[in-house]
Amino acid sequence: MYLRRNPVVRASVYQAAAILAVGWLAYTGLRNALDNLAARGISTGFRFLVNEAGFVISETPPIPRQLGWVACAVGAAALLIAAAYLGKRFSWLRPFAPSKRLSLVLSLAVIAVALAQVEWTRYQPTGSYLDALLTGLSNTITVALLGCVCATVIGFVMGIFQLSTNWLLRNSARAATELCRDVPLLVHVMFWYAMILNFFPPVREYASVLGLVHICNRGLYLPAITDFKIDQITTLLVTGGAVVALAAAVFGRTKLSLILALLASAVLISTASWDFPELQGFNIVGGVAIRPEFAALLFGLLAYHSAFIADIVVSGIKSVPIGQIEAAYSLGLRRLPALRLVVIPQALRVVVPPLSLQYLGLAKNTSIGVAIAFPDLVGVSRTVLYQTGQAIEVMLLVMVFYLAVSFSIALATNMFNQTVQVKGW
Amino acid sequence: MDQTPWLGKLATSLAFALCALPAYAQTAQSPTLASIVSRGTLNCGVYPNFPGFETLDRDGNYVGFDVDFCKAVAAAANVQLKVVPLTATERFPALVSKSVDMLAMVTTRTASRDFGNGLQFAPVTFYDGQGFVTRSKNKIKSAKELSGATICVLQGTTSELNLADWFRSNSLKLNAVTFASEDELLRAYEANRCDAFTGGIAIIAGRRTNFRDPAEHIVLPEVISKEPLAPVTAEGDEKWSKIVAWTIFATMIAEEKDVTAANVEQAAKDSADPELRRLFGKSGSIARDMGMDPDWATRAIKAAGNYREIFERNLGVKTPLRLERGLNAQWDKGGLIYAPPFR
């Protein structure tokens, strides 16, 4: 009698019952699936992953050869971050848990060391199904990262243009945003693909810039650096110097660092061995190619998501009280410094949470690439699924991969969000 | 049935008794044939649109290579033909559940289909294989000259694997673009995204006819895989499967003997050829053993023509598909079309 009225006991009993019910449901679902597969003579398990894939993937970015080390590093990083979060939650864990900042730095370091240490390889048709899936994942991550960075830049610019005092700029930015936002993503991607295929010349009649950069409807071909004639350490030092000098030039805006960056780049370029693209037989070979599928997917994602980011930026800027802007002007700040120092830092508090949702959406929407033959994770997994018939395993893997990508984005944006929010609240 | 087990037992023992009867008695009729005759129509499953093999003509009737074999079987059974359009996923369940009596829809015979799906394949009517379509202005004569070319291929097909294997075994360099939908693939090929596309030759030759200028595209001679296409019946009625098989063989025998739709009635009446006399029911009792009337083959050939006529009408060099006989020539002309003797 007494126990039944005790809210703590009641809550635990209900929760335990709910967990049991969900667990039972999951268990029977899995059991049923396994039984049905066994009855149809379909083998289960992930053993097929090491079998030879045998099909061609059109875009093969580097993938790590020793997966074990990368998996260990990612696992360790996840543990570190989980420990930091759990330490905040449970007091008894606190003495063992690192701080969030420490865990972030440590986990990034672990992953960086692992990625630097492993050998990299490219997928071949003789590679395994796992290699094929990793190639797909690698393509997905490439498009997602590039898409997030570019969509942020374009979105911010378009958002600020929408609030410009210049009538033409303001209204054309508004019209462009409205147009891009109101067209479904799939249509965007297919539109850009059709545009690229039909607007650019066929490969035999390729257009060329200075004889170095070739463009046709099979891709944009750029000269590639294959090696440096100086030794590796010097290359690393000069590259590092160039990056640091460039960063200093951008943030510190000193002429000296700009000159240094240019100098270092000049050294690098002059000592590099180049691979120039040229037409051979059916195709342009050599150099690096940006393929139409990749470009169309990226353009489609950018057009769609930067329109939403522009709207988010507009709402963020509008959320800053007008008094703040007037105060900035009355302090003698010009328009750009006022924007940079007063408006944007306050706007970011409103902008970052919905922005992170856009990043998540963009990363997952890369799967639209299936429609235009871009070999992203979903595209490759479809082939693997058809060829092996291991539907459940392949889908599970794809889900885990997407979960990892989305979780990483959520983690990064959450951490950034904490730095822009008002401190002490 | 459960309430009257004795009825089942009686039927079983009757069936055994019938089987035990001497051979000169009328053998048991095929249940499928019996239901086709009593309903007056043959239900034949085909794809909704597959240029050359099954398409709608201007009057809304199905025509094509596969449809002609449906016609021949319907005429042999002396019933009307009802063409039932099916999709790839519907076709086997429709056949096994007896919604259709046979399929003639460019189905590749494979071991897993033979054993796994309850199917009985009729003789191969078309020996297909994977090939390449390319632009004639590329001026290549052989697929081996495709090294370094970009090839479009459909995702999840055996073609996708064969393509990689073939290029690898011939040490050619391959750039493949893998499309999930055929429409996107064809659009990309037309826009010159790829130099060639690959697939079953019958399929790609048909798709070529949809291009703006079909004459600008050629099918290369190399065949890099085996795709024997055959009509299908359901397992469990061997007699019906044999009737379908021998109707197909009849068209092949008619080609060998130069019997066409135009002269079949004359040949049935006058021919002195012993095999033709047996085929057209003028001697022997094969038709009766089949459970058919003696004129079945005459009607089948009159309705559909012989194998050559069926081929040339739908797929041959005078049609938009412009296919040579190749593997589908008669056995004595270097092909694989070979009917067992009708005796």
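Note that the coordinates shown come from a computational prediction; the quantities given were computed from them, not determined experimentally. The numbers attached to residues start from 1 for each chain and follow its sequence in the written order. Going through the entries in the order they are written, you letter the chains from A and number the ligands from 1. In keeping with the predicted nature of the model, local features appear solely for residues at pLDDT of at least 70, side-chain atom pairs appear and are counted solely at 80 or more, and the whole-chain, interface and lining totals rest on all residues. Only hydrogens and water are removed before side-chain values are computed, so all heavy atoms of the structure are retained for them.

Visitor: It is not clear to me how the overall build of chain A should be interpreted in this structure. Could you clarify?
Guide: Strands are runs of DSSP state E lasting at least 2 residues, helices are runs of H or I lasting at least 4, and numbering of each runs from the N terminus. When its secondary structure is counted, chain A shows 14 helices and 10 strands. By its C-alpha atoms, chain A is 85 × 65 × 50 Å across when sized along the principal axes. Split into buried and exposed, the 425 residues of chain A put 36% on the buried side. Total accessible area on chain A is roughly 24600 Å²; 70% of this is exposed by carbon and sulfur atoms. Whether a residue is buried, partly exposed or exposed follows from its accessible area with a 1.4 Å probe, protein chains only, as a fraction of its type maximum: under 20%, in between, or over 50%, in that order. Accessible areas in this description were obtained via Shrake-Rupley with a 1.4 Å probe; residue shielding takes into account the shown protein chains only.

Visitor: Explain the sheet that holds strand β11 (residues 196–200) of chain B here, please?
Guide: The pairing of strands in a sheet happens through backbone hydrogen bonds and is either parallel or antiparallel. Residue and element names in this part refer to chain B. On the basis of which strands lie adjacent, the open sheet formed by five strands has the order β10-β9-β11-β8-β12 and mixed pairing. Edge positions in the sheet fall to β10 (175–179) and β12 (217–219), since each has one partner strand and no second. Strand-to-strand twist of the sheet, defined as the mean angle between neighbouring strand axes without regard to direction, takes the value 30°. Where strand β9 (residues 150–154) lies against β11, two bridges are found, and the strand directions are parallel. By the bridge assignment, Cys152 is partnered in β11 with Phe197. We call two strands paired when DSSP finds no fewer than two bridges between them. Axis angles are defined between N-to-C directions and span 0 to 180 degrees, where every axis is a line fitted to C-alpha atoms and, for a helix, only to the segment in contact.

Visitor: I keep staring at a nonpolar patch on the surface and nothing clicks. Help me out?
Guide: Residues enter a patch when their relative accessible area is above 30% and they make no salt bridge; the linking distance is 9 Å between like charges and 5 Å between nonpolar side chains (Val, Leu, Ile, Met, Phe, Trp, Tyr). Whenever Lys or Arg places a side-chain nitrogen within 4 Å of a carboxyl oxygen from Asp or Glu, that contact is recorded as a salt bridge. On the surface, a nonpolar cluster with roughly 680 Å² of combined accessible area is contributed by Val209, Leu210, Leu212, Ile225, Ile269, Trp274 and Phe276 of chain A. Inspection of the secondary structure puts Leu212 of chain A in the loop between β3 (207–209) and β4 (213–216).

Visitor: I keep staring at the interface of chain B and chain A and nothing clicks. Help me out?
Guide: How big an interface is tends to be expressed through the accessible area that disappears when the partners come together. Every residue pair with non-hydrogen atoms within 4.5 Å of one another is taken to be in contact. Taken residue by residue, the interface counts 30 residues in chain B and 30 residues in chain A. Two parts placed together each lose some accessible area under a 1.4 Å probe, and the buried area is that loss summed for both. For the pair chain B and chain A, the two sides together bury roughly 2300 Å², of which 50% comes from carbon and sulfur. It is Gln155, Arg168 and Arg193 of chain B that lose the most area in chain B upon contact with chain A, and together they represent 25% of the buried surface on that side. As a salt-bridge pair, Arg168 of chain B and Glu52 of chain A come within 3.2 Å of each other at their nearest N and O atoms. Under the rule applied, a polar contact is a pair of N or O atoms within 3.5 Å (in protein, one hydrogen donor and one hydrogen acceptor; residues adjacent in sequence only if both atoms are side-chain atoms). Linking chain B to chain A there are 12 residue pairs in polar contact (both at pLDDT 80 or more). Elements with a minimum of two residues in the side of chain B that touches chain A: α6 (158–169), β10 and α7 (182–190) of chain B. A per-class count over the side of chain B that touches chain A returns 13 nonpolar, 10 polar and seven charged. Side-chain classes follow a simple rule in which Ala, Val, Leu, Ile, Met, Phe, Trp, Tyr, Cys and Pro form the nonpolar group, Asp, Glu, Lys and Arg form the charged group, and the remainder, Gly included, forms the polar group.

Visitor: Can you walk me through the confidence of the model for chain A in this structure?
Guide: Predicted coordinates in regions of low pLDDT should not be interpreted in detail. pLDDT expresses how confident the predictor is about each individual residue, on a scale running from 0 to 100. Here chain A shows a mean pLDDT of 87. Residues at 70 or above account for 98%. The secondary-structure element of chain A with the lowest mean pLDDT is helix α1 (residues 2–5) of chain A, recorded at 75, while helix α10 (residues 292–319) of chain A shows the highest, at 95.

Visitor: Before we go on, may I ask you to explain the domain arrangement of chain B in this structure?
Guide: Residue and element names in this part refer to chain B. How far each domain reaches was decided by an automatic or database domain assignment. Segmenting chain B into domains produces domain 1 (27–127 + 229–333) and domain 2 (130–225). Inter-centroid distance (C-alpha atoms) of domain 1 to domain 2 is 31 Å. Between domain 1 and domain 2, the residue contacts involve eight residues of the former and 11 residues of the latter. Taking both partners together, domain 1 and domain 2 bury about 760 Å²; carbon and sulfur atoms supply 66% of that area. Looking only at domain 1, the three residues that lose the most surface to domain 2 are Phe50, Pro51 and Arg322, adding up to 49% of its buried area. Counting every contact that joins domain 1 to domain 2 gives zero salt bridges. Scanning the region where domain 1 abuts domain 2 turns up one residue pair in polar contact (both at pLDDT 80 or more). By residue class, the composition of the side of domain 1 that touches domain 2 is seven nonpolar, no polar and one charged.

Visitor: Sorry, what's going on with the packing of aromatic side chains here?
Guide: The way to describe two aromatic rings as a pair is by their centre distance and the angle between their planes. All names here are of chain B. Pairing of aromatic side chains requires ring centres within 6.5 Å, counting the rings of Phe and Tyr and the six-membered ring of Trp. Pairs whose planes differ by under 30 degrees are stacked, by over 60 edge-to-face, and all others tilted. Going through the model one piece at a time under the given rule, you end up with 31 aromatic pairs over all chains. Measuring from centroid to centroid gives 6.3 Å for Tyr307 and Phe311, while their planes differ by 35°, and the two rings are tilted. Pair noted here: Tyr307 and Phe311 are both in helix α14 (residues 307–314), with a separation of four residues, about one helical turn. In this structure Tyr307 comes out as buried when scored by relative accessible area, which is 0%. Members of the aromatic cluster, joined through ring pairs, are Tyr47, Phe50, Phe53, Phe65, Phe69, Phe126, Tyr307 and Phe311. By definition here, charges over rings are those cases where NZ of Lys or CZ of Arg is within 6 Å of the ring centre and within 35 degrees of the ring normal. When the ring centre of Tyr189 is taken as reference, the NZ or CZ atom of Arg135 above it lies at 4.3 Å. The ring of Phe50 carries Arg207 above its face, with NZ or CZ at 5.7 Å from the centroid.

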